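Architecture at a glance
Read off the chains here:
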Amino acid sequence: MKHHEGAIFGMIPEPETLDELFQLATNPIDGESRNVYMWRGQADISWTIDSGAWRRLKKTRPAVSEAEITYYERSLLNKATHQGLRVHDGRVLPDFELLARLQHHGAATRLLDATRSILVGLYFACESLPDRHGLLAGFHSSFLGGGEGNPEERPYNAVVADLEDFPHPQTWDSPIVTARIAAQHSQFLYSAVGNDPRGSIRINRNARSFMPVAISPEFKAVALKLLSEQFDIRHSTLFPDIYGFCHLNSAKFSQFENERW
């Protein structure tokens, strides 16, 4: 298998086919009974792995602390509550469910979008910047806090109170507060602010915990075609709400550009 060397992630695998990618992902870790990853796709391998909240605050300060992220998110929750956004389908959302709803509508939070599906992660690594190498990053579940299928009803302060104690990300499977969360097999990652050169998300130092994969421009084109034609993974299925529909039917695209046949 080819390899790609970059300034941020070093020398990492660069598969040229889906088969090679699946071989990487299905190679079990010694001593682990399960081989489950949370995947994040980024269109440019030169980007570090950072939350939207970190990137937003970084625009106006040389460094971003955990205390600043916490203060910002408390303010964001208060403003969203004031706007009536905490009530969804007649239900009052707990703090982290409200954060998830805000995140999936474009707000900057500490929640880092990831997915339980390697194919969905690959799509997001490929769907833009066709001339640049992308990144598909796998976070092994054996080196994460949290889990799947559990509610998070604690107040915000209780959730973030001990984050500084953990050298690895936490993961959370949000309930389906938007159609996108279901379609994208969404699984959020979050942590206290870290100082890893690969990004502000904390990554466990165990080499087995993290699998960065380079996605070449050539493979981006091949993968997008396969994802659409063979797996029905494309913008219209991953963004099944009115915003996604209107985007695909805007003046940015010709009339039949997004039809599969």
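Residues numbered from 1 in each chain as written. Predicted model: local features only at pLDDT ≥ 70, side-chain atom pairs only at ≥ 80, totals over all residues. Heavy atoms only, no water.

Counting 26 residues, the largest nonpolar core has I69, F96, L99, L111 and Y190 as its most contacted members. Sorting the residues of this core by element identifies α2 (52-58), α3 (66-82), α4 (95-104), α6 (156-160) and β10 (186-190) as the ones contributing at least two each. By size, the runner-up hydrophobic cluster in this structure holds 25 residues, among which are L24, A25, V120 and F143. (Core = buried A, V, L, I, M, F, W, Y, C linked by side-chain atoms within 4.5 Å. Buried < 20%, exposed > 50% of the residue type's maximum accessible area, 1.4 Å probe, protein only. Helix = DSSP H or I, 4+ residues; strand = E, 2+ residues; numbered from the N terminus.)

Now for the confidence of the model for the chain. In this model, the chain carries a mean pLDDT of 93, and residues with pLDDT of at least 70 account for 99%. For the chain, helix α7 (residues 179-183) is the element with the lowest average pLDDT, namely 84, and helix α5 (residues 118-126) is the one with the highest, namely 98. (pLDDT = per-residue confidence, 0-100.)

We now examine the pairing of strand β11 (residues 210-215). Counting buried residues in β11 gives six out of six residues, a clear majority hidden from the surface. Residues F210, P212 and A214 of β11 are buried on one face, and the alternating residues M211, V213 and I215, pointing to the opposite face, are buried as well.

Because each turn of an α-helix spans 3.6 residues, side chains separated by three or four positions in sequence point in the same direction. Its 15 residues give helix α8 (residues 217-231) an end-to-end C-alpha distance of 20 Å, which sits within 8% of 21 Å, the value for a rise of 1.5 Å per residue. All of the buried residues along α8 are F219, K220, A223, L227 and S228. The buried residues of α8 occupy an angular sector of 155° when the element is viewed end-on, so they sit on one face. Every exposed residue of α8 that faces more than 90 degrees away from the buried side is listed here: E218, A221 and Q230. Its buried side turned inward, α8 meets α1 (18-26), α5, β7 (134-140) and β11. Following α8 by one or two positions, D232 adopts a phi angle in the positive range, close to 55°. (Expected span 1.5 Å × (residues − 1). Arc of directions from axis to C-beta. Contact = heavy atoms within 4.5 Å.)

This paragraph deals with unusual backbone geometry. For D89, which is not glycine, the phi torsion reads 55° and is therefore positive. Within the secondary structure, D89 is located in the loop between β4 (87-88) and β5 (91-92). On the basis of relative accessible area, D89 is assigned to the exposed category, the value being 74%. Within the chain, H185 stands out as a residue other than glycine whose phi angle is a positive 50°. When you line up the elements, H185 lands in the loop between α7 and β10. On the accessibility criterion, H185 (36% relative accessible area) is partly exposed.

Let's shift gears to the pattern of salt bridges. Summed over the entire model, instances satisfying the criterion amount to 15 salt bridges. Of the charged contacts in the structure, one is a salt bridge between D44 and R132, with a shortest N-O distance of 3.4 Å. Here D44, found in the loop between β3 (37-42) and α2, pairs with R132, found in the loop between α5 and β7; they are 88 residues apart in sequence, far enough to count as distant. A relative accessible area of 4% places D44 in the buried class. Assessed through its relative accessible area of 40%, R132 is described here as partly exposed. For E164, the salt bridge goes to R202, with nearest N and O atoms at 2.9 Å. Here E164 is found in the loop between α6 and β9 (170-172), whereas its partner R202 is found in the loop between β10 and β11, with 38 residues between them in sequence. (Salt bridge = Lys/Arg side-chain N within 4 Å of Asp/Glu carboxyl O.)

This paragraph deals with the environment of E148. When you line up the elements, E148 lands in the loop between β8 (145-147) and α6. Apart from residues lying up to four places away in sequence, E148 is in contact with M38, R116, D173 and Q187.

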